[in-house]
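So you can see what is in the structure, the chains are spelled out below.
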Amino acid sequence: MGVEAHATNERVTGRRWTVRLDPVGRGRADVRVSCSRPACAAQVLPSAAAGRTSAIGHLKAHLRAGPAPRPSVQCACRAEECHTHIRPAGPRERPVPWRCGGAVVLAVITDREGRWWQVMECCSRCAAAHPTAKVVATAPAAEAPARSDGFRADAAAPTTPGGIAPLGGPVATTPTFSAAGPHFSHSAAATAGGTAVPQQASAPRSDHRTDPRSAPRSTRPPRRRPPRGRIAQRLVPHDLRPVALRDELTELGELFRAYQARTEPDLAMLADLHARKAEAFHAWAEATADTGLRLDARRAEQAAATARLQHLHRIGQAPDGEGPAVARLLTAPAQWNHARSVLAHVAENAPLPGAEARLLVVMVTLRTAQSGVGNLVGQDIKGLPLSDPEQLVGQLVESGWLGLSGTVEELIASRPENPTQITVPSLTPDDDDPGPFTFGRKLRPKLSGWAQRVVGEKKLRKGKTEAGVRLLALALATGSDGEGRLGPGGEGIGVDTLSSWCAVDPGDLPALVDRLTAADWLAEADVTGTLLTGKLTERVLPLGCPLT
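Let me sum up the structure you'll find in this document. (Residues numbered from 1 in each chain as written. Predicted model: local features only at pLDDT ≥ 70, side-chain atom pairs only at ≥ 80, totals over all residues. Heavy atoms only, no water.)

Take the overall build of the protein next. The secondary structure content of the protein amounts to 16 helices and 14 strands. When the 548 residues of the protein are sorted by exposure, 39% land in the buried category. For the protein, contacts bridging at least 24 residues in sequence account for 62% of all contacts bridging at least 6. Here the protein has roughly 30,900 Å² of accessible surface; of this, 52% comes from carbon and sulfur atoms. (Helix = DSSP H or I, 4+ residues; strand = E, 2+ residues; numbered from the N terminus. Buried < 20%, exposed > 50% of the residue type's maximum accessible area, 1.4 Å probe, protein only. Contact = heavy atoms within 4.5 Å. Areas by Shrake-Rupley, 256 points an atom, 1.4 Å probe, with all protein chains shown as cover.)

Structure follows, in structure tokens:
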């Protein structure tokens, strides 16, 4: 007994080290890769993808260069009271103090998000207890005496390529590495290699054919577990109860993957899927007492509410208990952002000064935004509040910003049945420059129609408002929130920003605001030295592009 205890005390603890991926600082994209081995210095890489690649490569290098697992070491997780070290069945039985079961293996464990990788020298039972563990190599079994029934205690188990054993199954008996190194981040398929178990010398009994339970172990068909479902990067346990919950989680995972393969979104369907997921995850959390599942269930509830609200906004309906939703001319946040991008581009690249030139450039830009080519008729020009449209078009042509297929007089006289083709060279894409805008061909006429509706709004047109007022209407339509309040959070818009966009002096801005108030565009308007506050009236809210 004393010799045995002495031998146990001489056993060393298995090796253990960790490679981590941590952010360098809040709001920064670069990450730090560190290794717990003393000789490894930390690295800083520009992105999480590059850091993950470096961390995996660093760990693989350790695995290739390091020694094979030792058959006599103590489990590395024993010091942390690993739950797989099960207590003995009876009070007089003594467990082996340095191993819970199986051969010693070198296993790699990672978290779900891929932020750390840990290598442990432990027994195969401990490795199988971790759902993310991948066995890299197995220690050679010690020589064992033959049993009286013809079996060997150290009979080899089937191995996989590179010495990697499948999770939860038998492990390899020799630390064999492939030429490409251990692929610990991928599952390996089992092969038929390895040492076969010898058959018993005695003849099979006569009832083997009728009772498969009495057949020799080597002739029994392999027991296969049912396939496991997967949802939200989680595997559904095959033994999860009740069975209806397991089937619901498996079906939801398949439905989410089918939705991701759709070519067109369906927000109503997505909201229903998230609601079902929230209910199923709540039940899963109750069955397993897993806090992470409860958090996932809450996130699914929030996702369901967001998707349902987006769906109602798209179809012009209001959520339950709220007033009527605004049926906007431009319906999606992406369209609102594209409208703002066009106005910002014109403000930075207008070829001529003045409000009238700025307004004409906006309308022409929206006609040619996709390809740099479009059509205009005389009414498109004469419908704008321009004092001398023919002269202004001629100045744009002379500056080189605008090209016409005919003369300026022909453009002014053209009718819808015979439009004039125009080109804007700065908007024409080529191999080196795809152009300043990223929206598609179907969205361009929607944006152009929206701007035409704003600048040609009935009361603005009847009030014969000048170009500066129409430009201010465009700016406020894209600078208010969902309730029409001006500026982010209703805090107002800078006077200098508005005067620069409208191409007027800051001192002239109050007069433009008064014109919009008289045209029932603005309410509660107040111009201070630095800000314009107020809100759009309810009748023009459909023309707005809310700030998101």
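Right, picking up where we left off after that structure.
Turning our attention to the side chain of Gln118. With respect to the secondary-structure elements, Gln118 resides in strand β5 (residues 116-123). Using a relative accessible area of 17% as the deciding quantity, one classes Gln118 as buried. A distance of 3.3 Å separates the side chain of Gln118 from the side chain of Arg16, its partner in a polar contact. Within the local environment of Gln118, its side chain forms a polar contact with the side chain of Thr18, the two groups lying 3.2 Å apart. (Polar contact = N/O pair within 3.5 Å; in protein donor to acceptor, adjacent residues only side chain to side chain.)

For the rest of this paragraph, the subject is the packing of helix α14 (residues 467-477) against helix α15 (residues 495-502). At a closest axis distance of 9 Å, the pairing of α14 and α15 adopts a crossing angle of 125 degrees. By the angle class used here, α14 and α15 are oblique. Two packed elements cross with a definite hand, and for α14 against α15 that hand is right-handed. Between α14, through Gly468, Leu471, Leu472, Ala475 and Leu476, and α15, the contact on the second element is made entirely by Leu498, Trp501 and Cys502. In terms of residue class, the contact of α14 with α15 is made up of 7 nonpolar, 1 polar and no charged. (Axes fitted to C-alpha atoms, helices over the stretch in contact; angles between N-to-C directions. Parallel < 35°, antiparallel > 145°, perpendicular 65-115°, else oblique. Left-handed = near helix turned anticlockwise from the far one by under 90°. Nonpolar A, V, L, I, M, F, W, Y, C, P; charged D, E, K, R; others polar.)

This part takes up helix α4 (residues 243-260). Between its terminal C-alpha atoms α4 stretches 26 Å, which fits the 26 Å expected from 18 residues at 1.5 Å a residue. Turning to α4, its buried residues are Leu245, Leu249, Leu252, Gly253, Phe256 and Tyr259. Buried residues of α4 fall within an arc of 130 degrees about the axis and therefore sit on the same side. Looking at the packing, one finds that the buried side of α4 touches β7 (230-231) and α5 (267-288). (Expected span 1.5 Å × (residues − 1). Arc of directions from axis to C-beta.)

Of all hydrophobic cores here, the largest spans 70 residues; its most connected members are Leu476 and Trp521. Among residues more than four places away in sequence, those in contact with Trp521 are Val454, Glu457, Leu460, Ala473, Leu516, Lys535, Leu536, Thr537, Arg539, Val540 and Leu543. Membership of the second largest hydrophobic core comes to 19 residues, among which are Val236, Leu240, Leu273 and Phe281. (Core = buried A, V, L, I, M, F, W, Y, C linked by side-chain atoms within 4.5 Å.)

Let's shift gears to the sheet that holds strand β12 (residues 493-494). Read from one edge of the open sheet, 3 strands run β12-β14-β13, paired in antiparallel fashion. Each edge of the open sheet carries a strand with a single partner, namely β12 and β13 (522-527). Judged from the 2 bridges that link them, β12 and strand β14 (residues 531-536) form a sheet pairing that is antiparallel. Bridging across to β14, Ile493 finds its partner in Leu532. Against the sheet, helix α16 (residues 509-518) engages β13 and β14, with an angle of about 165 degrees to β13. (Pairing = 2+ DSSP bridges.)

Looking at the secondary structure, you find Asp111 in the loop between β4 (104-110) and β5. Accessibility expressed as a relative area gives 10% for Asp111, which makes it buried. Of the polar contacts made by the side chain of Asp111, one reaches the backbone nitrogen of Arg115; its length is 2.7 Å. There is a polar contact of 3.4 Å between the side chain of Asp111 and the backbone nitrogen of Trp116.

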